[in-house]
Each structure stands twice: as C-alpha cells, then as structure tokens.
Amino acid sequence: MLKNKNIVIGITGGIAAYKACDIVSYLQKQEANINVIMTKNATKFISPITLETLSKNKVITDMFESPSHFDVKHISLAKKADLFLIVPATANIIGKVANGIADDMLSTTIMATRKKVIFAPAMNQQMYENPIVQENIRKLKKYGYTFIEPEVGILACGDTAIGKLASKETIIDTVLEILKEEN
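Residues numbered from 1 in each chain as written. Predicted model: local features only at pLDDT ≥ 70, side-chain atom pairs only at ≥ 80, totals over all residues. Heavy atoms only, no water.

Digging into a nonpolar patch on the surface
At step 1: A cluster of nonpolar residues, I15, Y18 and F45, forms a patch on the protein surface that exposes about 320 Å² of accessible area.
At step 2: Within the element layout of this structure, F45 appears in the loop between β2 (33-38) and α2 (48-55).
At step 3: For F45, a relative accessible area of 39% gives the class partly exposed. (Patch = residues over 30% accessible without salt bridge, like charges linked within 9 Å, V, L, I, M, F, W, Y side chains within 5 Å. Areas by Shrake-Rupley, 256 points an atom, 1.4 Å probe, with all protein chains shown as cover. Salt bridge = Lys/Arg side-chain N within 4 Å of Asp/Glu carboxyl O. Helix = DSSP H or I, 4+ residues; strand = E, 2+ residues; numbered from the N terminus. Buried < 20%, exposed > 50% of the residue type's maximum accessible area, 1.4 Å probe, protein only.)

Here it is, written out as structure tokens:
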C-alpha cells in the first residue's frame with residue numbers, strides 16, 4: 001500500500017523520540033521511502049545511525065551539512081514528500097511552525113512543503129495544557145495541519161496525565177488514512 005510513497009518523518013527532542021524508531025521501521029517495511037530529519041535535541045535521545053539503519057536513508061541533522069550532490073535539501077525534501085509526520089512533536093516545534101520560525105532543517109522543510117503535515121505531540125501535561133501551546137495548536141489546525149491527540153498515561157516525570165505520545169497503531173492508522181485520501 002505504501003510502495004512509492006515518500007514520507008518525511010521529523011523527530012524532535014522529547015523522551016518519546018525513541019518511539020519514532022518503531023514507526024520508521026514499520027513504514028519502511030511497508031515499502032514507503034522514509035527520509036528522517038532530526039533536530040539537534042532529538043540526537044540527544046536517539047542516534048541518527050539507528051534511524052539510518054531503519055529507514056535505509058541518510059538522516060539529516062544539520063541544515064548546513066555539505067551535500068554529496070547539489071540540491072537545496074529542505075526544498076527538495078519538501079517537494080519529494082507525499083506526507084510529513086512530526087513524531088514526537090514538542091512544544092518547541094509546534095510553536096516555531098505556528099509563528100513562522102524556520103531556523104533549523106525541520107522547521108524550514110515544514111515551511112517549504114505544500115503536502116499534509118501531521119503533528120503527534122508528546123510532552124508533560126503542564127506544557128501541553130499551557131494556553132500558549134493550545135493556541136499554537138488551534139492556529140496550526142486552522143491552517144490545515146493535522147494533529148494526533150496525545151493520550152493519558154504515565155509521563156516521563158511520573159505523573160499520569162495527558163501528554164503521552166499516541167500509540168504507534170494510532171499514528172500509523174492516521175498516516176495510512178491520510179495517504180489514502182490524498183490518492
């Protein structure tokens with residue numbers, strides 16, 4: 001079903017970053033072409049080499065890395081993608097995109113795409129429920145961005161509350177549904 005589909009997965013710096021590995025692996029096994037962009041903070045949680053192995057593609061972590069051949073990477077990925085999935089989506093990336101800030105490879109590439117962008121937030125409940133974060137989410141939804149709501153569960157801080165990354169199955173089902181709609 002995913003053969004010849006190009007999915008860009010943006011991974012940001014939250015503890016739930018490790019869960020993106022299962023999603024990358026599953027989608028790649030379904031014959032999707034996966035390109036991963038990691039923020040600098042994401043590399044503090046998981047290694048790019050793990051995602052390169054799972055995706056079978058070079059992981060992009062630096063906007064100013066010298067390319068092996070010439071292309072403007074954030075533009076070429078934005079054009080190539082059939083869909084963007086940001087998992088986990090931190091308050092930081094949500095705020096950047098909502099306010100037009102494009103200061104790293106992930107935020108720049110999101111700004112350059114005309115394809116569907118899905119955010120799967122994961123963060124502490126106090127951050128998630130912060131009125132500024134909620135306003136940024138409403139703003140992005142108004143612009144057509146899709147959000148997969150976080151779940152209630154045990155968070156990294158030990159609290160049981162909303163903010164846990166949605167299940168792998170929920171995220172994958174959403175990706176499949178949106179790709180089906182796009183055909």
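Some remarks on the pairing of β2
At step 1: Burial of β2 is extensive: 5 of the 6 residues sit out of reach of the surface.
At step 2: Here strand β1 (residues 6-11) pairs with β2 via 6 bridges, running parallel. Within β2, the position partnered with V8 by the bridge is N35.
At step 3: On the question of chirality, the crossover connecting β1 to the parallel β2 by way of helix α1 (residues 20-29) is right-handed. (Pairing = 2+ DSSP bridges. Right-handed = clockwise from strand over helix to strand, strands pointing away.)

Structural notes on the packing of α1 against α2
At step 1: Closest axis-to-axis distance for the α1/α2 pair is 8 Å, and the angle between their directions is 20°. The pairing of α1 with α2 is recorded here as roughly parallel in orientation. In this structure, α1 meets α2 at a crossing whose hand is right-handed. On the side of α1, the interface is formed by C21, V24, S25 and Q28, while α2 contributes T50, L51, L54 and S55.
At step 2: The residue inventory of the contact of α1 with α2, partitioned by class, reads 4 nonpolar, 4 polar and no charged. (Axes fitted to C-alpha atoms, helices over the stretch in contact; angles between N-to-C directions. Parallel < 35°, antiparallel > 145°, perpendicular 65-115°, else oblique. Left-handed = near helix turned anticlockwise from the far one by under 90°. Contact = heavy atoms within 4.5 Å. Nonpolar A, V, L, I, M, F, W, Y, C, P; charged D, E, K, R; others polar.)

A word on the packing of aromatic side chains
At step 1: Per the stated rule, a full pass over the model turns up 2 aromatic pairs.
At step 2: With a centroid separation of 5.8 Å and 55° between ring planes, the pair formed by F119 and Y145 is classed as tilted. Of this pair, F119 sits in strand β4 (residues 116-121) while Y145 is found in the loop between α7 (131-142) and β5 (146-147), placing the two residues 26 residues apart along the sequence.
At step 3: Note on F119 and F147: the rings are 5.1 Å apart at their centroids and 15° apart in plane angle, and the pair reads as stacked. Highlighted residues: F119 in strand β4 and F147 in strand β5, separated in sequence by 28 residues. Comparing F119 with F147 shows no difference in burial state: the two are buried.
At step 4: The ring of Y143 carries K142 above its face, with NZ or CZ at 5.5 Å from the centroid. (Phe/Tyr/Trp six-rings, centres within 6.5 Å; stacked < 30°, edge-to-face > 60°. Lys NZ or Arg CZ within 6 Å of the ring centre and 35° of its normal.)

What is shown is where atoms sit, not what they do.
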